[in-house]
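# Structural features, examined
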Amino acid sequence: MNKSFLFPRNLLSHSIVRMFVVCLMLSPGIAAQAQYSFNWSKKPLKDVFSAIEREATVTFAYNAAEINDKIPITLRVENANLENVVETVCSKVNSRYKIAGNIIMIQGKPAEMSNDNFVEFTLTGKVVNENNEELQGVTILNKKSRKSVFSKENGGFSIKVAEGDALTISIIGYETQTIYPKLNSKILVIEMKKSALDLNPVVVTALGIKRETRSLGYAVGEVQGSEINKAREVNVINSLAGKVPGLIINSTAGGPGGSSRVIIRGNTEISGNNQPLYVVDGVPMDNSNYGQVGSEKYSSGYDFGDAISAINPDDIETISVLKGPSASALYGSRAGHGVILITTKKGGPKKSLGIEYNATGSMEKLLTNFDDYQYEYGQGSAGTIPRDATQARITMFSNFGAKLDPNLLVPGFDGVTRPYGLVKNNIENFFRTGTTLTNNISLTTATDNTTFRFSVSDLRNNDIVPKSNLTRNTFNLRGTSKFGKHLTVDVKGIYVKETVINRPGLADDPSNIGNNFLGLANNIDQDIFEQGYKDANGDYIDWGGGQYRLNPYWVINEMKNNTTKDRLMTSVQANYVITDWISLQGRISSDITFLDFMKFSPRTTPGSLLGRIEGVSRKYNTTEADLLLSLQKQVTPDVYLALRLGSSLSHQKHPGTVFSATDMQLTDAVAFNSFKDKLIQDDLYEKRINSFYGLLSVGYKNFLYLDATLRRDASSTLLPINNTYVYPSLSGSFIFTDAFKMSKNFLSFGKIRVSAAEVGSDTDPYKLNLYYGLNERPFQGESVGGIATTIKPNPNLLPTRTRSFEIGTELRFLKNRLNVDLTYYTQKSRDQINNVPLPVSSGFAQQIINAGVISNEGFELLVGGSPVKTTDFTWNLSVNFAHNKNVVNSLADGVPYLVLSEARWLGVSVVAMPGAPYGSILGYDFQRDDAGNVILDPVSLSPLPTTDRQILGKGTWDWTGGIVNSFTYKNFTFNGTIDIKMGADLFSMTNMYAVLRGSDISTIEGRQEWIRSEEKRMAAGKTVQEWDASGMVEGYVPKGVVQTGTDANGKPVYALNTKPIDPGTYWGNFYSDDQGILTPFLYDASYIKVRELSLTYDIPKKVLGKLKITNASFSIVSRNPFIIHKNVPNVDPDSNYNNGNGQGFEYGSLPSRRSWGLNLNVRF
Amino acid sequence: MIPVKQQILSSCLLVTVCLFFSCNKFDDMNTDPTRSANLNPALQLAQVQLQFSGDLESNERLGVLETMPMIQHIAGAWANQWGGMYVKQQQYLSLIWEKDYPGKILNIVDAVKRTEGVASQTNLNAICRIMKVYLFARLTDLYGDIPYSEAGQAYSGGISKPKYDKQKDIYTDFFKELKEASAQLDPSKDKPTQDIFYNGDVGQWKKFAHSLHLRLAMRLVKIDATLAQQEATAAFNAGVFTSNSDICKVDHENVQNDYADIRGNGLSVALNQGDIIAYRLCNTLINTMKTTNDPRLEYIAKNYIDNPYKPFDRIDITAQVKEKVGVSGVNSGNFIWDDYKNSFDITVPEMGGASFTVDNNTQKAQLANFLIANNAPFLHMTYAEVEFLLADACFRWGVSLGGTYTEHYKKGMEAACTQLALFPGGPVISAAKIEQFKSDNPLQAAKELEIINTQLWEALFMNGPEAYANWRRSGYPALTPGFYPGYSNSTTIPRRFEYPLSEKVQNADNVKAAIQDIEGGVDDWTKRVWWDKQ
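Here the structure is a predicted model, which means the values were calculated and not measured.

## Description of the overall build of chain A
- Looking only at helices and strands, chain A has 16 helices and 62 strands in total.
- For chain A, the C-alpha radius of gyration of 35 Å lies close to 32 Å, the compact-globule estimate for 1164 residues.
- For chain A, the C-alpha atoms occupy an extent of roughly 130 × 70 × 70 Å along the three principal directions.
- Sorting the 1164 residues of chain A into buried and exposed places 58% on the buried side.

Have a look at this one:
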């Protein structure tokens, strides 16, 4: 065959092509078709092997101590295939052979084999697991004959044995068994038991490659699907809280439909997205931010949830957490913050129909309540009750009134007179008991060449907020088919439909119910607003909350918001095995989400008096395509080599339209059509990354492994001269217990791993040029417009780089009863692409530049084991701990700090400041004298804030951990997960309001005195000023000192304050839109929470057998049953209103939820 | 064995695809197709003009929360403590700076630059220059030395940290710019489109440029009387407003703006939004009007029965209240609940003769609906102001600028009364009443400047920043500080706005240099701008 004509000549010159050609030329492999002829006469065996090696391109491996390779061989073969040749040679030297790839292993036959007295027979059998499912690929090794076979798809096998032989049955993930076949037991069913601690666990790594963890040079955390589908979360990622060291998951105040912040090893970008990349079955998943409450001062709105919430836990086989860029160097820029790999379930191996049904029903109640409120004083100001309806309206949210007295009648905001008595559990009564019901059914089947799995899931959640609910349906179809010997095609489709009715408004949103009730006078039953929120015409009745605090009953009954997400994830993957050591894989996937959001405010809604409809319609389209060529070869018995070359394309396109309309004309039709004043705007986000990468893996003798990767990305978001970046990684794993053949009695396994990597990343599109745009609305029919870029563009942006290093060890002791996994890592990111502030007088408040270095350093520890293990009772315990230090090393010249988020009140910001921890909270402290006393304003007696802002806390955790306990007693299993987070701070604006409005218990001091003082003043007929001058005022004596003058050096002199004032005025003065004292409202956010409890009863097999049920279990489950420890009163410390980088603020959070429920799992 | 051919084919395919994917050319994918790289500068001018009075946030903070209570036009609401009781809220003092520079200033600087030397846009360029002066004048009058010559040029000029120009130099440039721009205006050339102030009428723009010139010249009476007189005279001679039809105003659409919409009058919305209107007229204004028998008082001071969120459906009970307790607002330095008035009952014909209890809050007079209507015009500069300024100038320097100071004063009074008719639903005050008003209030000897500028202070009602500037430069009317023990951070009325925190952090060196030039070297709101000489 003339090979050259197959090559286009112009391509031949390309080095890559040349490389491939070389590889291909060298690799005819061991093919049965090839015919060989030899004629040896008294050739030493050594030379015979060499001759075969030359002709057939194979390698012989043998132990020279066992086989005398100088034995002369005389042999003639004509047109024999390789195996025949080898067999004949071996028979001459009383040896056995095994062909593995192009390695031919030669072993001397043991002495006893030669005088074997036992009858040889064929043993047939079947291997199943504990669930009676057939297991494929189990190795059945005859220890005597050294022959081995694998079980087939139906679990069946047959092997030649003789009585007295020992067979070992082994497969990864199960305990290895040894059986001694007897002549009369020709058909055998072998049940494999899951190994409690896997000796050589396999994990899915980058590009979907399954590898033994022992060979990895970096840390991987793994969670099985079965661990998360009983005690369920509406958003599956929350189930991982506390389970993987260093995986930090914070849910937001957004409720069941909201998103979560997931951080691995700290923040590596100062102002970019720090969340990990999700990869489902090897394909990066779109993880666009669907919209959430922003980080600016007046942020409000909704949390639209995240992409991961679309994944149905029942479809998950495993979740692997690849930490650090070295683990993810192959996924490129987006994986700079770690990768969460999700492997979904496939069909098979069982040929008959497999049915699994899983159902969970749970009820949700409030987890937190207002535990620090005062219940002595009611509505009013300055210690008095409201005198008329206007005053009642003004003081509706002020608890600085008179002492509560149910016999006293006071006018209400609506003019109705009601008793001035305490209403208990007032706000709590607004909420209802939530319910969540999940049903999932999955069907699996298989034929010889094809497997199928189909699952349908239905989730219905009714939130604790009345009229608020979520439904989600997931359909998942996966089929794998083998076409002939070489081609395997895996096709997958997931369709998710999610509808959320009445997502809660968050933070400063006028519809935020958590905010709107804050400080409601404790004598006013919230229930009255239910009856009286609208008048006979259906118009809003003002309740005193103004346009920034809407009546919650109006919000839930009259306003509406709907979000629908339709998501279709499809992928096709084809694997073509060219030879047994070369394969080519091609994949293409598409992930499309249609997001539609609509919010409606009827006419008379304050702030939207004419009615308003607003919404977003957006498509999130991600297309991923890649090709991967894999070359894997056991080059010598000791050396394994794998080279993978791939290229990929990632294209994201998010076209959207944003619409709003006001002035509703047709009030009975809630539609865009019904409005007079309409507005529609379109926008687009589009970018592409083209990549090329290579991965070289070397394994030596099963104890030393090295990986090297190189990736080149080209991004559409940077100028062509800057848009290509190449980055490498290197990692190694050394199993010293095997290398040094150490005794395994105490230390059964020991490994050291090291890796170093660099990852580059790009930015968002359209950051390089200045744009103009029209104002959204014309004025008197004419367009107006202006510069539409708010961040000064920069055409010279360069990619950001992150370098990381990690070293770790894995140790297993006492036959795996105890295992320890410890990792230390450092990361440094430079050339950060940041929006850096400019003085606004320059025309832009920010510019985008490359500047800044941020670093992370930390360690992760996982200790696990089985403290108790008896036949009936097992206690498994896993404790994890992670510490991370996230420091901002530098920023652009002249930039003192970058604001990550701004609080609505008190001028507080979360910042990145050089030399300080990332996410430091900057705010005003009390001004203090040299003795540390709080300095009060000499006139108002309110504490003075410091002139400059100081770092008073930080929003990132010092350390996080988890304790996972599992107890099994006979058929009962109890699981419990504790989540521990320590060292972050939280500015609670909820608690600030509780103080400003006199709800908080801390505001009670001096009230009685003030009321007495006012009674005396009125009796005396004095004005406030006159009474003040008389010195007879009683009340709250602000704690601190006041300046009384200056000393000779001009230094201020202070004296302890003794003057009393109205406590309402004092506490009210802590209110500030800008320069206010943060200190009293900044809390240690540390907590210890019980995340999960479950008690499962596995129904015994003997009961099930009659019902044709393979497996069934029943569980009592709970998520977030209680908080063991927290320091923030009234709210859950996990109440951040967005999942951005500037964590540390809480504002008007709804109570978090605890759930209790039942789970049923049945498999046929 | 797989045929070699197939292996080679697949490898070729792979390589080809790899090369294709690894390409780093993306055509114009990184160009936002939904926005433009160019825009007619006339649209930028229009946006700047409209934002000035249409932007709710800046009009609320600067007008309603700070300057209007500071100048004792309004009072009473909780939110009036910032300006009315001098409770320092840095955020509100910074807001106009934070909004203007990256918005209006950025665009007007860009529009001036892009129209410079463009033959078809000489008039547009001149108008943009005038607009630029007008914008910067409000800022410098509030803060003092500010970034001017280098402002707004981070992108166009690569200036990241603009220096602070001395107010003196800024004023010098203002006069130069106004003169040049006015000279550049040529009715025979292009007629600018989309101009919201004068619909491209070049003649009107000339008058506005000169009137603005007059206003700015009169700012300097304390610091440099000679220059003030010279510039004021030049401005007058060039031709200023001569009637209410020259007034520079924006007629807003009848839309209740949200924070993004700018079509309605932002100042009106700042006053009329919310459940029930908490803002009251300040007694300083009411009492001044009462003592001068001002015919405007009965139209602008009203008592209403509240109708939450429907300010224009409130029932007017002014007459009934007046009959019982007369006209009163809220004292400067008081909250509405201070000086608590006991309730009384009235009968309301609009409610079918039902009885209504007039509580404390209802007795205190509010701004009339026409003043706070969404489509109320925003008066940038009025003819009345020009006349009062001329009266001041003529008296001050003993000159005649097209008339005596008395004539100008009377014309000013008349224009100030008749300009209310420009408001939809505003009163048409009869000539007889105006005559009576004029004859009741002759200029008294030694009190000329006080009376003239007090009238100007009234005419500048609904224009807080300008009233504040004129009060500082003229010293009239004499206002008693609204000091409130326990709340106030200053015992006197502030004389300027402090620089924003962001500027101190991001433009530290330049702002430090500017602060050095403030008296005492401290950035404090009790210190004065350059022209506000002690």
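Now, onward.
## Comments concerning the interface of chain A and chain B
- Of the residues lining the interface, 111 residues belong to chain A; the matching set on chain B comes to 99 residues.
- Both faces considered, chain A and chain B share a buried interface measuring about 9,000 Å² in area, 60% of it formed by carbon and sulfur atoms.
- Of all residues in chain A, Tyr772, Phe779 and Ser841 of chain A bury the most surface against chain B, accounting for 9% of the area lost on that side.
- On inspection of chain A and its partner chain B, the count reaches four salt bridges.
- Our count for the contact surface shared by chain A and chain B stands at 32 residue pairs in polar contact (both at pLDDT 80 or more).
- With ten residues, the top contributor of residues to the side of chain A that touches chain B is strand β35 (residues 675–700) of chain A.

## Structural notes on the sheet that holds strand β7 (residues 139–142) of chain A
All names here are of chain A.
- With respect to topology, four strands assemble into an open sheet ordered β8-β7-β10-β11, the strand pairing being antiparallel. The open sheet has two edge strands, β8 (148–150) and β11 (177–179), and neither has a second partner. Strand after strand, the sheet turns through a mean of 20° between neighbouring axes, direction not considered.
- Where β7 meets β8, three bridges bridge the pair, whose relative direction is antiparallel. Each bridged residue has a counterpart across the sheet, and for Thr139 the counterpart in β8 is Phe150.

## Section: the confidence of the model for chain B
- Mean pLDDT over chain B stands at 93; residues scoring 70 or higher make up 96%.
- As a predicted assembly, this complex carries a pTM of 0.83 together with an ipTM value of 0.93.

## Section: unusual backbone geometry
Residue and element names in this part refer to chain B.
- With an omega dihedral of -5°, the bond running from Tyr476 to Pro477 counts as a cis peptide bond.
- Looking at where Pro477 falls in the secondary structure, it is placed in the loop between α19 (464–474) and α20 (501–506).
- One non-glycine residue, Asp27, lies in the positive phi region at around 50°.
- Tracing the chain through its elements places Asp27 in the loop between α1 (4–21) and α2 (41–54).
- Non-glycine residue Gln72 carries a positive phi angle of around 60°.
- Tracing the chain through its elements places Gln72 in the loop between α3 (56–70) and β1 (74–75).

## Section: the side chain of Glu503 of chain B
- Relative to the assigned elements, Glu503 of chain B resides in helix α20.
- Of the side chains with opposite charge, Lys161 of chain B comes closest to the buried, unpaired Glu503 of chain B, at an N-O distance of 8.9 Å.
- In this structure Glu503 of chain B touches Pro839, Val840 and Ser841 of chain A together with Trp97, Pro147, Tyr164, Ala508 and Val511 of chain B, once residues within four positions along its chain are discounted.

## With respect to helix α9 (residues 225–238) of chain B
Residues and elements named next belong to chain B.
- Between the first and last C-alpha of α9 there are 20 Å, a value that for 14 residues agrees with the 20 Å anticipated at 1.5 Å per step.
- Among the residues making up α9, those that are buried are Ala228, Glu231, Ala232 and Ala235. The buried residues of α9 all sit within an arc of 100° when viewed along its axis, so they share a single face. When the buried face of α9 is taken as reference, the exposed residues oriented beyond 90 degrees from it are Thr226 and Asn237.
- Buried residues belonging to α9 abut α7 (167–184), α8 (202–218) and α15 (383–397).

## Topic: the environment of Ser608 of chain A
- Residue placement: Ser608 of chain A occurs in the loop between β32 (582–601) and β33 (612–634).
- Remark: the alpha-carbon pair of Ser608 of chain A and Arg644 of chain A, spanning 36 residues in sequence, is separated by 59 Å.

## Some points on the sheet that holds strand β48 (residues 898–902) of chain A
Residue and element names in this part refer to chain A.
- The sheet built from four strands is open, its strands ordered β48-β49-β50-β52 with antiparallel pairing. Across the chains shown, the open sheet's two edge strands, defined by having one partner strand only, are β48 and β52 (950–954). Taken pair by pair, the neighbouring strands of this sheet meet at an average axis angle of 40°, ignoring direction.
- With three bridges joining them, strand β49 (residues 909–912) and strand β50 (residues 920–923) adopt antiparallel strand pairing. Looking at β50, one finds that Val911 is bridged to Ser920.

## Structural notes on the packing of aromatic side chains
- This model, assessed by the stated rule, comprises 72 aromatic pairs over all chains.
- Note on Tyr1071 of chain A and Trp82 of chain B: the rings are 6.3 Å apart at their centroids and 20° apart in plane angle, and the pair reads as stacked. Here the residue Tyr1071 of chain A occupies a position in the loop between α15 (1063–1068) and β58 (1082–1084), and Trp82 of chain B occupies one in helix α4 (residues 81–84), the pair thus bridging two chains.
- What makes Tyr1071 of chain A partly exposed here is its relative accessible area of 22%.
- Given the relative accessible area of 4%, Trp82 of chain B is considered buried.
- Where Tyr171 of chain B meets Trp530 of chain B, the ring centres are 6.3 Å apart and the plane angle is 50°; that geometry is what we call tilted. Placement of Tyr171 of chain B in helix α7 and of Trp530 of chain B in the segment after α21 (508–516) is noted, with a sequence separation of 359 residues between them.
- When its relative accessible area of 1% is taken as the criterion, Tyr171 of chain B is described as buried.
- A relative accessible area of 24% means that Trp530 of chain B is categorised as partly exposed.

Rules and cut-offs
- Going along each chain's sequence as written, the residues are numbered from 1 onward.
- A letter from A marks each chain and a number from 1 marks each ligand, given out in the order of writing.
- It should be noted that, the model being predicted, local features are given only for residues of pLDDT at least 70 and side-chain atom pairs only at 80 or more, the latter also being counted only at that level, while totals for whole chains, interfaces and linings use all residues.
- Side-chain metrics rest on all non-hydrogen atoms present in the structure, leaving aside hydrogens and water.
- Put simply, DSSP marks the helices as runs of H or I at least four residues long and the strands as runs of E at least two long, and each gets a number from the N terminus on.
- Computation of the radius of gyration draws on C-alpha atoms alone. For the globule rule, the value is 2.2 Å times the number of residues to the power 0.38.
- Only protein chains enter the accessibility calculation, which uses a 1.4 Å probe; a residue is then buried when its area is under 20% of its type maximum, exposed when over 50%, and partly exposed in between.
- Every residue pair with non-hydrogen atoms within 4.5 Å of one another is taken to be in contact.
- Once two parts are put together, the accessible area they lose, assessed with a 1.4 Å probe and summed over both, is termed the buried area.
- Every case where a carboxyl oxygen of Asp or Glu lies within 4 Å of a side-chain nitrogen of Lys or Arg is listed as a salt bridge.
- Here a polar contact is taken to be a pair of N or O atoms separated by no more than 3.5 Å, where protein atoms must pair a possible hydrogen donor with a possible acceptor and residues adjacent in sequence count only if both atoms sit in side chains.
- Here a strand pair is declared whenever DSSP counts at least two bridges between the two strands.
- Axis angles are defined between N-to-C directions and span 0 to 180 degrees, where every axis is a line fitted to C-alpha atoms and, for a helix, only to the segment in contact.
- By definition, pLDDT measures how confident the predictor is in each residue, and it falls between 0 and 100.
- Charged residues are defined narrowly, with Lys and Arg counted positive, Asp and Glu counted negative, and His plus the chain ends left uncounted.
- Helix span is expected to be 1.5 Å times the residue number reduced by one.
- Taking the helix axis as origin, the arc is that swept by the directions to the C-beta atoms.
- Two rings from Phe, Tyr or Trp (for Trp, the six-membered ring) form a pair when their centres sit within 6.5 Å of each other. Planes less than 30 degrees apart are called stacked, planes more than 60 degrees apart edge-to-face, and all others tilted.

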